[in-house]
Amino acid sequence: MMLVLLLACTDGGTDLSPYVPKVTFNRFDLVDLDFEHIDVDFVFDVDNPNPVDIPLARFDYSLGFEGVELIAGDDPNGLELKSDATSEMALPVGLEFANIFDIAEAVRGVDTIGFGLAGSFGFDTDLGPVDIEYDESGDFPALRTPSFDLGQLRIESADADSVEFGLDVDVDNDHASVLDFSNLDFRVKFAGVRVGSGTEEEVGEVAGASTETKTIPFTVDYADAIAALSAAVSGDALNVKLDADMDVDTPFGIVPLTVDETGDVEVRDETP
């Protein structure tokens with residue numbers, strides 16, 4: 001929306017609108033994003049119709065989500081309008097998702113929450129001070145960390161040297177969009193002892209607003225697997241720890257994710 005301040009000079013009522021800078025909210029650019037925080041630039045186009053440069057003298061802003069203000073401030077530095085030209089002004093904002101969701105919780109099955117950005121630009125011109133108000137709204141990324149719950153640990157095969165395991169992991173996706181998991185680099189511990197590790201290029205997708213089970217296969221030397229095999233025979237649960245790094249293809253691009261989950265899981269022997 002174009003924001004134009006129409007002024008009338010008190011000395012004779014001269015219309016100054018042809019000389020007043022015009023401000024248009026253009027877009028916001030993602031600068032950095034992970035599952036904890038977001039750095040974003042709110043970008044404005046400022047058109048200066050005058051034949052001389054005009055510096056920005058005053059600038060204030062208030063940013064809120066779902067109608068609740070989160071941050072406010074003022075920063076008059078950083079932009080000088082070029083003569084007869086349109087300049088971009090970027091308002092850089094860094095936010096923690098936890099702080100956003102404390103005041104405006106994202107609903108399961110949606111990818112964004114509403115933002116509101118309002119304030120004013122102030123310019124000191126040869127004709128006097130000019131202040132231009134703006135009030136913008138739109139959709140803002142609401143990135144939530146998918147949850148991981150350790151499920152069943154299955155013994156799929158065994159020989160004299162090693163045991164093949166499959167660890168089921170329930171992955172919950174809170175977004176509306178599909179999440180795609182890839183480039184998995186993982187480590188597994190049984191009862192505090194590291195027994196396996198590996199990589200998986202493709203883990204798979206989890207549909208929006210759903211929970212799906214993914215299986216992580218890994219091989220354990222037979223000697224290291226004795227405790228797990230004993231648990232399988234006795235029916236007792238085994239304490240399993242999963243550490244993993246992976247990439248997640250989200251609605252807002254590929255985001256790295258680290259997982260650290262521990263649980264007492266059922267061990268099931270599925271060897272032929």
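Residues numbered from 1 in each chain as written. Predicted model: local features only at pLDDT ≥ 70, side-chain atom pairs only at ≥ 80, totals over all residues. Heavy atoms only, no water.

> How do you make sense of the overall build of the protein chain when you look at a structure like this?
Secondary structure summary: the protein chain contains 2 helices and 17 strands in total. Looking at the protein chain as a whole, 42% of its 272 residues qualify as buried. (Helix = DSSP H or I, 4+ residues; strand = E, 2+ residues; numbered from the N terminus. Buried < 20%, exposed > 50% of the residue type's maximum accessible area, 1.4 Å probe, protein only.)

> Before we go on, may I ask you to explain the sheet that holds strand β11 (residues 162-173) in this structure?
Sheet strands line up and pair through hydrogen bonds in the backbone, either parallel or antiparallel. Reading across from one edge, β14-β11-β10-β17 is the order of the 4 strands in this open sheet, with mixed pairing throughout. Of all strands in the sheet, those with a lone pairing partner are β14 (210-221) and β17 (267-269), marking the two edges. Along the sheet, successive strands turn relative to each other by an average axial angle of 25 degrees, direction set aside. Inspection of the sheet shows β11 paired to β14 by 12 bridges, in the antiparallel sense. Along β14, the bridge assignment pairs D168 with T215. (Pairing = 2+ DSSP bridges. Axes fitted to C-alpha atoms, helices over the stretch in contact; angles between N-to-C directions.)

> How should the sheet that holds strand β16 (residues 253-265) be read in this particular structure?
With antiparallel pairing, 4 strands are arranged side by side in an open sheet as β13-β12-β15-β16. Both outer strands of the open sheet, β13 (193-206) and β16, are each paired with one neighbouring strand and no more. Strand after strand, the sheet turns through a mean of 15 degrees between neighbouring axes, direction not considered. Across 9 bridges, strand β12 (residues 179-190) lies against strand β15 (residues 238-250) in antiparallel orientation. The residue bridging K189 from the neighbouring strand is K241, located in β15.

> Please explain the side chain of D172 as it appears in this structure.
Following the sequence through the fold, D172 ends up in strand β11. Residue classification places D172 among the buried positions, given a relative accessible area of 17%. One polar contact links D172 to R108, side chain to side chain, over a distance of 3.0 Å. A distance of 2.5 Å separates a polar atom in the side chain of D172 from a polar atom in the side chain of T211. (Polar contact = N/O pair within 3.5 Å; in protein donor to acceptor, adjacent residues only side chain to side chain.)

> Even after reading the chapter, I still don't get a negative patch on the surface, so can you show me in this structure?
Residues D60, D74, D75, E133 and D135 make up a contiguous surface patch of negative charge. Structurally, E133 can be placed in strand β9 (residues 128-141). (Patch = residues over 30% accessible without salt bridge, like charges linked within 9 Å, V, L, I, M, F, W, Y side chains within 5 Å. Areas by Shrake-Rupley, 256 points an atom, 1.4 Å probe, with all protein chains shown as cover. Salt bridge = Lys/Arg side-chain N within 4 Å of Asp/Glu carboxyl O. Lys, Arg positive; Asp, Glu negative; His and termini not counted. Charge placed at Lys NZ, Arg CZ, Asp CG, Glu CD.)

> Help me out: how do you make sense of the packing of aromatic side chains in this one?
To describe a pair of aromatic rings, you give the distance between the ring centres and the angle between the ring planes. For the coordinates displayed, the defined rule picks out 22 aromatic pairs. A centroid spacing of 5.3 Å and a plane angle of 70 degrees characterise the contact between F25 and F44, whose relative ring orientation is edge-to-face. Of the two residues, F25 is situated in strand β2 (residues 22-33) and F44 in strand β3 (residues 37-48); the sequence distance between them amounts to 19 residues. By the burial criterion, F25 is buried, and F44 matches it. One aromatic cluster in this structure is built from F25, F28, F42, F44, F59, Y61, F65, F115, F121, Y134 and F140. (Phe/Tyr/Trp six-rings, centres within 6.5 Å; stacked < 30°, edge-to-face > 60°.)

> Can you walk me through unusual backbone geometry in this structure?
A positive phi angle, near 50 degrees, is found at A191, a position not held by glycine. Topologically, A191 is positioned in the loop between β12 and β13. Assessed through its relative accessible area of 55%, A191 is described here as exposed. Backbone geometry places A209, a non-glycine residue, at a positive phi of 50 degrees. One can find A209 in the loop between β13 and β14. A residue is classified by how much of its surface remains accessible, and A209, at 37% relative accessible area, is partly exposed.

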